[in-house]
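# Fold and geometry: a report
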There are 2 protein chains.
Amino acid sequence: MTQERRKFRREGEAQRQGDLIAAALDLIAEGGPQAATVRAIAQRAGVTPGLIRHYFRTKEDLIGAAYAQFVRRMAEDHSATLEGAGPDPLARLARFVWRALCPPLTDSRTVGLWAGFLHLVRNDPRMRNIHRTGYLSFRDPLESLIGECLAATGRSLPPRQLQAEAIAANALIDGLWLEGSVLPEDFQPDELPRLGVEKVGALLGLPLTDHLEDMQ
Amino acid sequence: MTQERRKFRREGEAQRQGDLIAAALDLIAEGGPQAATVRAIAQRAGVTPGLIRHYFRTKEDLIGAAYAQFVRRMAEDHSATLEGAGPDPLARLARFVWRALCPPLTDSRTVGLWAGFLHLVRNDPRMRNIHRTGYLSFRDPLESLIGECLAATGRSLPPRQLQAEAIAANALIDGLWLEGSVLPEDFQPDELPRLGVEKVGALLGLPLTDHLEDMQ
DNA sequence: CCCGAAATTATACGCTTGCAGAATTACCGG
DNA sequence: CCGGTAATTCTGCAAGCGTATAATTTCGGG
């Protein structure tokens, strides 16, 4: 009884690469890099292991491509949240903070990916650059928004102090993001984004809570 | 030529377990869980792989013990920082925040361990409990300190709002801890703890910066 | 001084891993 | 409808993994 060869369909390069990257990200998010074996990735992508080497020179290349996509998606998703917002800087800042603390940015998958990639990022300068790009693409818009808000309320700061405000606000968001993602059952729905908007406002002395109704 | 057996010295159980745990933590901090193989741990501890199974029933047990020690050390180190402080609640809170953002709590090793353990913590309820213990042993004292400070300045909050303040302050500290640990070259020495004390003060409306001279 | 218990090493096994190359199959252009 | 191309599967390999167990060495007590 010769068992027959598995049937398959041909797909384009972009499709298959996308499938493989998505599978790798899923596995890393759930179980860390150790869970993303060549065989597991292939199985989740619905192909056989050998195909990976047809689209990526090595497994490390695939992981690198996956990280790049992860960072790019995060940045795109979040910068897109400002498009629907009006012109009022305070409303825009409130929305920016709120959205940073909602899914998909705040969920266990994201922090799982973040932690899973940390050591790869640390030990590979190429990945380190990808990381920095993503970090700044989050902090820079935040700094601009804060600057606009302060200017709108009559205050304005020298660049260095403005940057410090952005770092602190960003840290507050990051910390809430971290806690909410790691211990999700400790927070009620909306508690985290609400807390974020409220406390970033307190940090900067801005009445952000006035814009809470616009959310959700 | 029969190559001779390796010489060795007998050590007590505590000593060897400690060595093995330390070796495992080193490896996880540097390269994540995947770097902490039985053979690598043994080599770094200066013994042969078989010995691990003499002191730990399984590798998973060793990793669990390592995580427990890591969490315990962090909590001990940090709660010890309050012992040298005076009775003034404001000074105590300032010191608490300052110390949380200095080495050894803020360094790349700590965040490396934190990230390395994340997925193990997620998927193992026993480790999850260890984690929660450590997290609360940090947040609870913070909440008490904030309560004392607010009481001392005449304000006092219902428990629920006090807890929210503690969560936010803790998040701010966590976020700064994260950023400082991941991108250490982006911050000058003392910039991070100084920022932390200043911004936690801003968050709570407390004059914490008055106590900055006592640090260092 | 030596003997027994326990600490430590050595060896081996079955399994998984990433990678390589040959074999096969699906699909497109004629 | 058919042939060529390349997308995909299949098989195999060497290395590394955690674990099990037997063989040795150390060292304190008689």
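Since the model is a prediction, treat every value here as computed from it, not as a measurement.

### Observations regarding the domain arrangement of chain A
All names here are of chain A.
- Parsing chain A into structural domains produces domain 1 (11–56) and domain 2 (64–214).
- Summarising the inter-unit geometry, the C-alpha centres of domain 1 and domain 2 are found 29 Å apart.
- On the side of domain 2, nine residues touch domain 1, which itself brings seven residues to the contact.
- Carbon and sulfur atoms make up 74% of the area that domain 1 and domain 2 hide from each other, which totals about 790 Å².
- The interface formed by domain 1 and domain 2 holds one salt bridge in total.

### Observations concerning the packing of helix H1 (residues 13–31) of chain A against helix H6 (residues 108–123) of chain B
- Packing of H1 of chain A against H6 of chain B brings their axes to within 8 Å, and their N-to-C directions diverge by 75°. In terms of axis orientation, H1 of chain A runs roughly perpendicular to H6 of chain B. Residue-level inspection shows Ile28, Ala29, Glu30 and Gly31 of chain A of H1 of chain A in contact with H6 of chain B, the latter providing His119, Arg122 and Asn123 of chain B.
- Its residues assigned to classes, the contact of H1 of chain A with H6 of chain B shows two nonpolar, three polar and two charged.

### Here's the deal with the protein's contact with DNA strand D
- Around DNA strand D, the structure places 24 residues, and the nearest of them are Arg10, Arg16 and Tyr55 of chain A together with Arg53 and Thr58 of chain B.
- Within 4 Å of the protein, atoms of DNA strand D come from sugar and phosphate in 67% of cases.
- Arginine 5 of chain B has a polar side-chain atom sitting 3.4 Å from a base nitrogen of DNA strand D.
- Between a base oxygen of DNA strand D and a side-chain N or O atom of arginine 10 of chain B, the distance comes to 2.6 Å.
- Those elements that provide at least two residues to the surface near DNA strand D are helix H3 (52–55) of chain A together with helix H2 (38–45) of chain B.
- Looking at the surface near DNA strand D residue by residue, the class counts come to six nonpolar, five polar and 13 charged.

About the criteria used
Residues numbered from 1 in each chain as written. Chains lettered and ligands numbered in written order. Predicted model: local features only at pLDDT ≥ 70, side-chain atom pairs only at ≥ 80, totals over all residues. Heavy atoms only, no water. Domains from an automatic or database assignment. Contact = heavy atoms within 4.5 Å. Buried area = accessible area lost by both parts, 1.4 Å probe. Salt bridge = Lys/Arg side-chain N within 4 Å of Asp/Glu carboxyl O. Axes fitted to C-alpha atoms, helices over the stretch in contact; angles between N-to-C directions. Helix = DSSP H or I, 4+ residues; strand = E, 2+ residues; numbered from the N terminus. Parallel < 35°, antiparallel > 145°, perpendicular 65-115°, else oblique. Nonpolar A, V, L, I, M, F, W, Y, C, P; charged D, E, K, R; others polar. Near = heavy atom within 4 Å. Polar contact = N/O pair within 3.5 Å; in protein donor to acceptor, adjacent residues only side chain to side chain.

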